[in-house]
Amino acid sequence: MAKIAYRVLAVPERAEHVHDILSRLGMGEEVVFWDNDHNGCMWNALRLWGSYKELPLDITHLCLIADDALIVRQFVDASTKCAQHFPNAIWSFATYDAHVSQRSADSPYVELWNCNLRGLCYMMPVWLIQGYLDFYDRYLSQKKKWERDDVTCKMYAMTHGIPVMMPVPNLAISKKIPSVIKGHWKTRRIEDCWAGENID
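Residues numbered from 1 in each chain as written. Predicted model: local features only at pLDDT ≥ 70, side-chain atom pairs only at ≥ 80, totals over all residues. Heavy atoms only, no water.

### Looking at the sheet that holds strand β8 (residues 164-167)
What counts here: DSSP-based pairing: two strands are paired if at least 2 bridges between them are found. The way it works is that DSSP assigns letters per residue, a run of H or I at least four long becomes a helix, a run of E at least two long becomes a strand, and they are numbered from the N terminus. Note on definitions: angles span 0 to 180 degrees between N-to-C directions of axes, and those axes are lines fitted to C-alpha atoms, for helices only across the stretch in contact.
In space, the seven strands of this open sheet follow the order β2-β1-β3-β7-β5-β8-β6, with mixed pairing throughout. The sheet is open, and its two borders are formed by β2 (32-34) and β6 (109-111), each paired with just one other strand. Across the sheet, the axes of successive neighbouring strands diverge by a mean angle of 25°, strand direction being ignored. Bridging between β6 and β8 involves three bridges; their strand directions are antiparallel. Among the inter-strand pairings, Glu111 is bridged to a residue of β8, identified as Met165.

This is the structure in structure tokens:
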């Protein structure tokens, strides 16, 4: 049985957006990792993934949600179904490389052939997390270009043959509020795999 721990990465300026996420999760601020000093998404994500050691033993997956994400109202139920169907996969709940038309009559789940997960909202099985952290420390931590957690997680998945799955339609989309990360996202984001805040 899959059991997910949800965590939100946030900066103080986006507190109102965080409260919207928490409302949809049915959870309180104890699941928020605040980056009060603006150390960056990589710093906060590593802090979040490292917290897996403190999780109850019955937690099977850890889900990261960025503070600018709009998640579907049924997010908890839908993400749990994802974990139950493919428990050993990394899940990207928001993508750029897909369209709602890709939904199959047989299954709402699609494997991302290029492991191109997106840091807005994604989930890892707990048993994979230490391997990711070790991989980051050994190969990527000294390379300044690896400043985004989704890129480093993609590298980990590709190197180790770990499938990256996505649900169709996606369970999250960016609210497109101004970025707090200098130099990021100057190009338009195209998100064609979103079908609204309510899903079947």
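Structure shown, so let's carry the discussion forward.
### Considering helix α5 (residues 149-160)
An α-helical turn contains 3.6 residues, so any two residues separated by three or four positions project in the same direction. For clarity, the cut-off: Expected helix span is taken as 1.5 Å per residue step, with the number of steps being one fewer than the number of residues. Exposure classes here rest on a 1.4 Å probe applied to the protein chains alone. A residue is buried below 20% of its type maximum, exposed above 50%, and partly exposed in between. In this context, the arc is that of the directions from the helix axis out to the C-beta atoms.
Counted at 1.5 Å a residue, the expected span for α5 with its 12 residues is 16 Å, and the 17 Å between its end C-alpha atoms agrees. When α5 is considered as a whole, its buried residues turn out to be Asp149, Asp150, Thr152, Cys153, Tyr156 and Ala157. Looking straight down α5, one finds that the buried residues subtend no more than 165° of arc, so they occupy a single side. Where α5 terminates, the next one or two residues include Gly161, which has phi positive at roughly 65°.

### Let's talk about the side chain of Arg24
What counts is decided by this rule: As used in this structure description, the phrase polar contact means that two N or O atoms lie within 3.5 Å; if the pair is within protein, one of them must be able to donate a hydrogen and the other to accept it, and residues adjacent in sequence are counted only when both atoms belong to side chains. A contact between two residues is defined here by any heavy atoms of the two lying within 4.5 Å.
Within the secondary structure layout, Arg24 lies in helix α1 (residues 15-25). We classify Arg24 as buried; its relative accessible area is 15%. A polar side-chain atom of Arg24 sits 2.4 Å from a polar atom in the side chain of Glu197. Leave out the neighbours within four places in its chain, and Arg24 touches Leu70, Ile71, Val72, Arg73 and Glu197.

By themselves, these are just geometric observations and shouldn't be taken as functional.
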